[in-house]
Amino acid sequence: ACLHADYIVADSKATFEHGNLVRGVCPLGMLSQTLPNAVGRARALSIYLTNDTLDAAAAHEARLANEVCTEGVEAMQRRAFDVACEIVRGDAAQALLQSRVAAHVAHRAAEAVGHAECRLTNGGAFAKALIADSYAVPPLDMTPLLLEPPTIATSPEYSVHTVFVPASLGGLEPDWPDNALLVFRGVEGAEHFCLGGDPSQANLESGSFLDGLPAFGNLLERLRDAPMPKVVVCHGATRGGGMLFPCLGTAVLAHSDATFGFPEIRRGALPGVVSVAARRRLSPAACE
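Remember, predicted model here, so these are calculated numbers, not experimental data. (Residues numbered from 1 in each chain as written. Predicted model: local features only at pLDDT ≥ 70, side-chain atom pairs only at ≥ 80, totals over all residues. Heavy atoms only, no water.)

Some words on the overall build of the protein
Moving on, step 1. A tally of helices and strands in the protein yields 11 helices and 10 strands.
Moving on, step 2. With 288 residues in all, the protein has 34% of them scored as buried.
Moving on, step 3. Sequence-distant contacts in the protein: of pairs separated by 6 or more residues, those separated by 24 or more amount to 64%.
Moving on, step 4. Accessible surface computed for the protein: about 17400 Å², of which carbon and sulfur atoms make up 57%. (Helix = DSSP H or I, 4+ residues; strand = E, 2+ residues; numbered from the N terminus. Buried < 20%, exposed > 50% of the residue type's maximum accessible area, 1.4 Å probe, protein only. Contact = heavy atoms within 4.5 Å. Areas by Shrake-Rupley, 256 points an atom, 1.4 Å probe, with all protein chains shown as cover.)

A word on the pairing of strand E7 (residues 230-234)
Moving on, step 1. Side chains Lys230, Val232 and Cys234 project from E7 onto a buried face, and the interleaved Val231 and Val233 project onto a face without burial.
Moving on, step 2. Pairing analysis gives 3 bridges linking strand E6 (residues 180-186) to E7, with the strands arranged parallel. Of the residues in E7, the one forming a bridge with Phe184 is Val232.
Moving on, step 3. Pairing geometry for E7 and strand E9 (residues 251-254), over 4 bridges, is parallel. Paired with Cys234 across the two strands is Ala254, which belongs to E9. (Pairing = 2+ DSSP bridges.)

Side note on the nonpolar core
Moving on, step 1. Counting 24 residues, the largest nonpolar core has Trp176, Phe184, Leu223, Leu244 and Phe245 as the members making the most contacts within it.
Moving on, step 2. The set of elements that each furnish at least two residues to this core consists of strand E5 (159-165), E6, helix H8 (213-225), E7, helix H9 (244-248) and helix H10 (273-281).
Moving on, step 3. Apart from residues lying up to four places away in sequence, Leu244 is in contact with Phe216, Leu219, Leu220, Leu223, Val274 and Ala277.
Moving on, step 4. Residues Ile47, Leu54, Ala62 and Leu64 belong to the second largest nonpolar core, which totals 14 residues. (Core = buried A, V, L, I, M, F, W, Y, C linked by side-chain atoms within 4.5 Å.)

Considering the side chain of Asp11
Moving on, step 1. As for its position among the elements, Asp11 is in strand E1 (residues 9-11).
Moving on, step 2. Within the buried core, Asp11 has no salt-bridge partner, and the shortest N-O distance to an opposite charge, that of Lys13, equals 6.2 Å.
Moving on, step 3. Discounting residues that sit within four places of it in the chain, Asp11 has contacts with Ala56, Val68, Cys69, Gly72, Val73 and Met76. (Lys, Arg positive; Asp, Glu negative; His and termini not counted. Salt bridge = Lys/Arg side-chain N within 4 Å of Asp/Glu carboxyl O.)

Structural notes on the environment of Asp257
Moving on, step 1. If you trace the backbone, Asp257 turns up in the loop between E9 and strand E10 (259-261).
Moving on, step 2. The exposure class assigned to Asp257 is partly exposed, which follows from its relative accessible area of 41%.
Moving on, step 3. On a C-alpha basis, the gap between Asp257 and His235 in space is 6.2 Å, while along the polypeptide they are 22 residues apart.
Moving on, step 4. Setting aside chain neighbours within four positions, we find Asp257 in contact with His235 and Gly236.
Moving on, step 5. Within the local environment of Asp257, its side chain forms a polar contact with the side chain of His255, the two groups lying 2.9 Å apart. (Polar contact = N/O pair within 3.5 Å; in protein donor to acceptor, adjacent residues only side chain to side chain.)

Regarding the environment of Arg224
Moving on, step 1. Take Arg224: it is sitting in helix H8.
Moving on, step 2. Between the C-alpha atom of Arg224 and that of Leu248, which follows or precedes it by 24 residues, the distance is 6.2 Å.
Moving on, step 3. Ignoring anything within four residues of it in the chain, the contact list for Arg224 reads Leu248 and Arg280.

Here we look at the side chain of Lys230
Moving on, step 1. Mapping Lys230 onto the fold places it in strand E7.
Moving on, step 2. Here Lys230 occupies a buried position and makes no salt bridge, while the nearest side chain of opposite charge, Asp225, is found at 8.3 Å.
Moving on, step 3. Within the local environment of Lys230, its side chain forms a polar contact with the backbone oxygen of Leu223, the two atoms lying 3.3 Å apart.
Moving on, step 4. In contact with Lys230, other than residues within four places in its own chain, are Leu182, Phe184, Leu223, Leu248, Gly249, Thr250 and Ala251.

Right under this line is the structure:
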């Protein structure tokens, strides 16, 4: 519920935990939208799948809490009241209202369907035990709740397809099967995962750096729309356009030597297309 607030003040002893996954329940209350909006998709997936318990400092670091009060609960409540007064006295209230992300109908429907499926499958909710076989579960037709039909068959027969990503994206053809779990990794023996394009001074001055944008846009669409999960394995440096893969991957595994960044900015060029994917994976605050 706190994620529906505009500003969160946490006591230094506060803890945050999703807690429903271990009880067999899917996200509810727009958590599938509000948590990624607050901390970014990557951190949200980690918090949800590992059922992490965050203390106040970790919540603040993850941008889940706006500030932490160390002087006790009463001082925290006074601080929250002072913040509310500051908001309504100025123009901040209207700005906050305009910046709120509208509740997405598809998210709400998906959460409702997922919750119903969980309850039918394993007892879900806050049940202490699975539903007994003798319990007559009323039939539930969820077809009317599905806003979009599945894009792939639900057959368990699928393959794992490895895509070797070259150090330069100019040599990558986005040609992979739609019915396979995709694993993106660097070329065998390569020092780095992917360095993206070539934003050298010569390419920037000549404008040739822009020639690869159509192909890069096509790669972004193929990655974004791939229906099966995508696992990205990064080592060494991942830079510029190469950041597209960890930003759009379902799960990202990073070697201890892995580094990530956008060097284009220091060379007078904006990240461009990949910035759209970065804002999807990370929180807006982290991107800025």
